[in-house]
Amino acid sequence: MEKQALPADDHETGVVEPGAGGSTEAVELASTEPPSRAGWNSKVEYFLAQVGFSVGLGNVWRFPYLCHQNGGGAFLLLYVLLMLVVGIPLFFLELAAGQDIRQGSIGVWKYISPRLAGIGYSSCVVCFFVAVYYNVILAWSLFYLGNSFRYPLPWQQCPEQGNITYKECKESSRTSYFWYRRALNITDSIDEVGSFNPYIVWCLLAAWTFVCLGMFKGIKSSVKVMYFSSIFPYVVLVCFLVRGLMLDGASEGIVYMFYPKLEIWADVQVWRQAATQVFFALGLGFGSIIAYSSYNPKNNNCHRDAFTVSFINFLTSVLATLVVFAVLGFRAKEKVMACVASNLMELLQWHREGLVSLDLMPLFNHSDPETLGLEGYRNWFKQNGSYISGNLTVCDIEKEMQTGVEGTGLAFIAFTEAMTLLPGSPFWSALFFLMLLNLGLSTMFGTMEGILAPLRDRFKSLAKHKIKFTIISCIVGFVISLLFTQRCGNYFVTMFDDYSATLPLIIVVVFETFSVSWLYGADRFLDDIEAMLGWRPYVVYKYLWKYVCLLAMLGLLAATAIRMFMKTPTYMSWNQEMASEVRLPYPDWALAVLALLIIFAMLPVPVGFIHSVLQDRRKPTHRDTETGHYNIVNTDETPMTDMSDPDQRNGSVLS
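Residues numbered from 1 in each chain as written. Predicted model: local features only at pLDDT ≥ 70, side-chain atom pairs only at ≥ 80, totals over all residues. Heavy atoms only, no water.

Colleague: Quick rundown of the environment of Leu503? Include the residues and the values.
Modeller: If you trace the backbone, Leu503 turns up in helix H23 (residues 502-533). Each C-alpha atom of the pair Leu503 and Thr560 lies 7.0 Å from the other, and the pair is 57 residues apart in sequence. Apart from residues no more than four positions distant in its own chain, Leu503 is found in contact with Leu557, Thr560, Ala561, Met564, Phe565 and Ile598. (Helix = DSSP H or I, 4+ residues; strand = E, 2+ residues; numbered from the N terminus. Contact = heavy atoms within 4.5 Å.)

Shown next, in the form of structure tokens:
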């Protein structure tokens, strides 16, 4: 690559420090920066981008569910433990590699060895899979945001036809009906394709337009949007937390949330779910971390960044969990008290008919059943419920809280229902869906950067036409995303969310960890970081990368693969006749699509390896001088220098 002057805003004016091997050659970084690569104007911009990418919709609708289902406070402790020994070391590895080599994911792994270039391409493929379905969720948020400016909210009451309430709404709930019938107009199964949903198509076009406008000039344009999209969600979460804590039932929700169940640690599946959440919460393997850190100055303290971003991510998850369960606690308390009032009125009717004796009746004001209270009713039911023949229920608040608290069920059903109970519900609804939109946008910027930056670094022609490349990529993404706007589109979103990224990304990170810690050498990588930062990271990272992280990722890979192939893949469908959710197995053609998604995402790794081996065989006389031919790692060799230096780029780093 021809040497070019560094853009004035990249802040790189220093030289590469000599590594442990004793090399004293100074390479002027200002002359080695690719012309297409800009830099962050400030550390604040970088933090907003990195935090905006890692903090996404999963922090709001996935983490609270996992925490509640897997032991509450015990899950939090397990999550922090895995984040410290696995998540942060791997996050630090990607930050350091991107910052030192100053390339996207393709360039980083090709620099270490051309035989590993497929790792970067796999990251790009997975990023693309995620981008095409993730933006559909933003389209749904836009649809709900637009409907939030109506009063009363359209999901606040069931529609009627000739003074007769629609059966589907009456037998389910107002918010479930609006989500499945009005927003998605969903079919009964993935086999029934249905037509395109015009409202969602227009919202999807708007979502891709927002992404394109935020990305068309690279990080220089996206960071301006991130000043709002990364900060605004925290303002909304704090507002919801303050309002939520003032609601009746909030304390019950938070108690159920954080009550520790330490016995859950004995369950292997809990460890798998905690490790998977750490993995995806930090965005490992996507290539976006590498891409963002590659715009940093060489002497940036990426070690401190790894801890800071990780803990901001964790604290955001905890904040979102408090908000979710404060509001869901209020919703559950409202529904349970309605259940209590209904049961007491039925008891009164039975008493009047002589079916229930007076001594079995609870003491309460007959004109105001709520005077008995939830605790009073539960105590009475525990003592006398078995003596009452009928359909009385215990009115369990925890059971109510478990209804629809994960994923889209949380955002578009449970949370929307809770907001209809708040005074000024349109305001809170608009605030909530605007928050989801901003969380999704900042994550989409990072995901798209994980695709565009490596390809621009790899292909000069794309770097020369950055704006056209970005616009065309967004157009292609929009066209493919139309698949998810069909009436069965929600089932495809579930398919992509569950299977297109999980296994391929874990494999990508296994290869990343192995290539750095064993092929390149953990000691040698620490030498490079020392030359870059001016101080040597703790030696514990060597053992974490070589053994703990690698074994943990292999264990997670095995557990995920076993669970995926031993358990028949299923999805949650909506049955219009029953007006309820039904779990169905994927048909054979859908299983074939699942297999193709996984294979296509992993294929670049072996293809890249075979391609590099074949290239080596065509040039046997230069085998010992080519990058990528390695024998035994020598930890005293010269550390990695800037990828842009043609002399260094053509030399062996693993010989």
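Colleague: Residues and numbers for a nonpolar patch on the surface, please.
Modeller: Nonpolar side chains collect at one region of the surface, where Phe514, Trp518, Val539, Tyr543, Tyr547, Val548, Leu551 and Leu554 lie side by side and expose about 750 Å² of accessible area between them. Residue contributions to the nonpolar patch peak at five residues, all from helix H24 (residues 540-566). Here Tyr543 lies in helix H24. (Patch = residues over 30% accessible without salt bridge, like charges linked within 9 Å, V, L, I, M, F, W, Y side chains within 5 Å. Areas by Shrake-Rupley, 256 points an atom, 1.4 Å probe, with all protein chains shown as cover. Salt bridge = Lys/Arg side-chain N within 4 Å of Asp/Glu carboxyl O.)

Colleague: Explain the state of the cysteines residue by residue, including any values.
Modeller: All chains considered together, the criterion is met by two disulfides. Each sulfur of the disulfide joining Cys158 and Cys169 lies 1.9 Å from the other. Given an S-S torsion of about -80°, the disulfide between Cys158 and Cys169 has left-handed geometry. Pair noted here: Cys158 is in the loop between helix H6 (117-147) and helix H7 (167-171) and Cys169 is in helix H7, with a separation of eleven residues, a long-range link. The class for Cys169 is buried, based on a relative accessible area of 2%. With a sulfur-sulfur separation of 2.0 Å, Cys339 is cross-linked through a disulfide to Cys395. (Disulfide = S-S within 2.5 Å. Buried < 20%, exposed > 50% of the residue type's maximum accessible area, 1.4 Å probe, protein only.)

Colleague: Give a description of helix H16 (residues 373-384) that names residues and reports values.
Modeller: Its twelve residues give H16 an end-to-end C-alpha distance of 16 Å, which sits within 8% of 16 Å, the value for a rise of 1.5 Å per residue. Of all the positions in H16, only Gly373, Leu374, Tyr377, Trp380, Phe381 and Asn384 are classed as buried. Down the axis, H16 shows its buried residues gathered within 140° of arc, on one side only. Set apart from the buried face of H16 by more than 90 degrees, the exposed residues are Glu375, Lys382 and Gln383. Each element contacted by the buried residues of H16 is listed here: helix H15 (302-352). (Expected span 1.5 Å × (residues − 1). Arc of directions from axis to C-beta.)

Colleague: Could you give me a rundown of the pattern of salt bridges, with the residues and numbers involved?
Modeller: A side chain of one charge can pair with a side chain of the opposite charge if their charged atoms are brought near each other. Taken as a whole and assessed by the stated rule, the structure comprises twelve salt bridges. One salt bridge in this structure joins Lys167 and Glu577, with 3.4 Å as the shortest N-O distance. Of the two residues, Lys167 is situated in helix H7 and Glu577 in the loop between strand S1 (570-575) and strand S2 (580-585); the sequence distance between them amounts to 410 residues. Take Lys167: its relative accessible area is 48%, and that puts it in the partly exposed class. Take Glu577: its relative accessible area is 58%, and that puts it in the exposed class. Lys542 serves as the salt-bridge partner of Asp523, at 3.0 Å between the closest nitrogen and oxygen. In this pair, Asp523 sits in helix H23 while Lys542 sits in helix H24, placing the two residues 19 residues apart along the sequence. Residue Asp523 is classed as partly exposed on the basis of its relative accessible area, which comes to 22%.

Colleague: Run through the confidence of the model for the chain, naming residues and quoting values.
Modeller: Averaged over every residue, the pLDDT of the chain is 81; the share at 70 or more is 85%. Long-range and interchain partners of residues 1-36, a stretch whose pLDDT sits below 50, account for 78 contacts in this model, where long-range means more than four residues apart. Contacts from residues 622-655, a stretch scored under 50 in pLDDT, to residues over four places away or in other chains number 97 contacts. (pLDDT = per-residue confidence, 0-100.)

Colleague: Account for the packing of helix H11 (residues 232-245) against H15, with residues named and values stated.
Modeller: At a closest axis distance of 9 Å, the pairing of H11 and H15 adopts a crossing angle of 35°. Taken as a pair, H11 and H15 cross one another with a handedness that is left-handed. Within the contact between the two elements, H11 uses Tyr234, Leu237, Phe240, Leu241 and Gly244 and H15 uses Ile312, Thr316, Leu319, Ala320, Leu322, Val323 and Ala326. Looking at the contact of H11 with H15, its residues break down into ten nonpolar, two polar and no charged. (Axes fitted to C-alpha atoms, helices over the stretch in contact; angles between N-to-C directions. Left-handed = near helix turned anticlockwise from the far one by under 90°. Nonpolar A, V, L, I, M, F, W, Y, C, P; charged D, E, K, R; others polar.)

Colleague: Tell me what's going on with the side chain of Ser148, and back it up with residues and numbers.
Modeller: With respect to the helices and strands, Ser148 occurs in the loop between H6 and H7. Polar contacts involving the side chain of Ser148 include one to the main-chain carbonyl oxygen of Tyr144, which spans 2.7 Å. Here the side chain of Ser148 touches Ser429 through a polar contact of 2.7 Å, side chain to side chain. Excluding anything up to four places from it in sequence, Ser148 contacts Leu153, Trp155, Pro426, Ser429, Ala430 and Phe433. (Polar contact = N/O pair within 3.5 Å; in protein donor to acceptor, adjacent residues only side chain to side chain.)

Colleague: Kindly report on the side chain of Glu512, identifying the contributing residues and their values.
Modeller: Relative to the helices and strands, Glu512 resides in helix H23. Not counting the four nearest positions on each side in its chain, Glu512 is found in contact with Glu94, Trp109, Ile119, Ser123 and Gly285.

Colleague: Outline the packing of helix H1 (residues 43-54) against H15, listing residues and values.
Modeller: Where H1 meets H15, the axes come as close as 10 Å, and the angle between the chain directions of the two elements is 50°. Considering their axes alone, H1 and H15 lie oblique with respect to each other. In terms of crossing hand, the pair formed by H1 and H15 is right-handed. Residues Lys43, Tyr46, Phe47, Gln50, Val51 and Ser54 of H1 pack against Arg304, Asp305, Thr308, Val309, Ile312 and Asn313 of H15. (Parallel < 35°, antiparallel > 145°, perpendicular 65-115°, else oblique.)

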